[in-house]
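Each chain, letter by letter, is given below.
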Amino acid sequence: MTIIIVYNNIMKKALKLALIYLINLIAGTVLGTILYSLYLNLLGFVAGREINLFNDAEIFQSLFYVIFCMLIFILPLISYYRIRHPGGVLQFVVYVVLCALTWALLMPCSFKLRDFCVRKFSHEIKTESLSPNYFRQVDDDVYFFTREFKRQRLGRAPEAPVIIIDTSEDGVVDYRTIGDYPSLDINQKALPFREIQLKRIFRENESPIPFNFKTLLSMIEGGYSWHLANLLTLLSFVLLLCSVYGVTSFFDWRLLNAMMLFIITIGIITVNSVYFSSQFIVLRMRINSFGMFRALSGIVSEPLLFIINIFFALLFISAGIIKFAVRRHASKVK
């Protein structure tokens, strides 16, 4: 009778892990889509224009971006449940099934669904032109458009007359007509916002984020091209991300396990996104041209990243196995 009760408890914990996975994935996607669509709306906001929340284009773009992000984070996220509710081998089996479901089915199907929707439906976020009768400061210059932007000739950017006030000591006032080109100072300095005033409010003193999800998503999507070299790089990342389960019981103190899981997850995402940034292209090419890395370059697209991912994945998996074996032995001795 006692064995049956223990088995039922273990079974409940294992199945509850799958339920936690489903709830977090759905709730996170819905909430994330709402918040990210608001962020996109903020990026495109122009002073004096009507605010149009939750339009189709922003919802569409937000939905798929958030789905991809949630699928990346969902496995480390449910690993937090395991820290507080360890469930033995059966729970681990459920976790492995969820890993396979996430990366072998849900992720590639999400890419396919996004591509299908892009082909079948028109979802383009409209860029509003800057409104007149507002002062916009760019460095020492203040821009004041006197009327709406209008398209004068086909194929050219819309134009509007503007008063440019140079506020430096020997500044002058200039009046001319300019086109609303992306290279324009008032547009360049506002990026990623449309309105320079918002850039000064939200981003002037913001520290750069150490990782870029769009770079990471490009690597993941490239892995599903089913070219073996790209696929192996993706598999090394997936194995490393899933291996964080091995450190969920590394310490006897749960708080330390939670902190360690958080740091390792952020480290994995950071390394696998920063690795592809433009600043490291030359360094990557030099390292990958030596010895073992050069030999591996014919098999895997990114030998250095592949080795780093596999090394730490095996390290985390080994740590989990050793810790499990030690605890089993300790319980038998008692």
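Structure: above.
Q: Looking at this structure, I do not really get the overall build of the protein. What am I missing?
A: Looking only at helices and strands, the protein has eleven helices and four strands in total. Its C-alpha atoms give the protein a radius of gyration of 26 Å, more than 25% over the compact-globule value 20 Å for 334 residues. In terms of overall dimensions, the protein has C-alpha extents of about 85 × 50 × 45 Å along its principal axes. Taken over 334 residues, the protein has a buried fraction of 39%. Accessible surface computed for the protein: about 19900 Å², of which carbon and sulfur atoms make up 66%.

Q: Please explain a nonpolar patch on the surface as it appears in this structure.
A: Residues L22, I26, V30, L31, I34, L35, L38, I51, L53 and F54 make up a contiguous nonpolar surface patch of about 900 Å² in total accessible area. Looking at the secondary structure, you find F54 in the loop between α1 (2-43) and α2 (56-84). Using a relative accessible area of 39% as the deciding quantity, one classes F54 as partly exposed.

Q: Please explain unusual backbone geometry as it appears in this structure.
A: Most peptide bonds take the trans configuration, and most residues that are not glycine carry a negative phi. Residue P192 is bonded to the preceding L191 through a cis peptide linkage, with omega at 5°. Secondary-structure assignment places P192 in the loop between α4 (185-188) and α5 (196-202). Despite not being glycine, N133 has its phi angle at roughly 65°, a positive value. Topologically, N133 is positioned in the loop between α3 (88-120) and β1 (135-138). Assessed through its relative accessible area of 51%, N133 is described here as exposed.

What counts, and at which threshold
Residues numbered from 1 in each chain as written. Predicted model: local features only at pLDDT ≥ 70, side-chain atom pairs only at ≥ 80, totals over all residues. Heavy atoms only, no water. Helix = DSSP H or I, 4+ residues; strand = E, 2+ residues; numbered from the N terminus. Rg over C-alpha atoms; globule rule 2.2 N^0.38 Å. Buried < 20%, exposed > 50% of the residue type's maximum accessible area, 1.4 Å probe, protein only. Areas by Shrake-Rupley, 256 points an atom, 1.4 Å probe, with all protein chains shown as cover. Patch = residues over 30% accessible without salt bridge, like charges linked within 9 Å, V, L, I, M, F, W, Y side chains within 5 Å. Salt bridge = Lys/Arg side-chain N within 4 Å of Asp/Glu carboxyl O.

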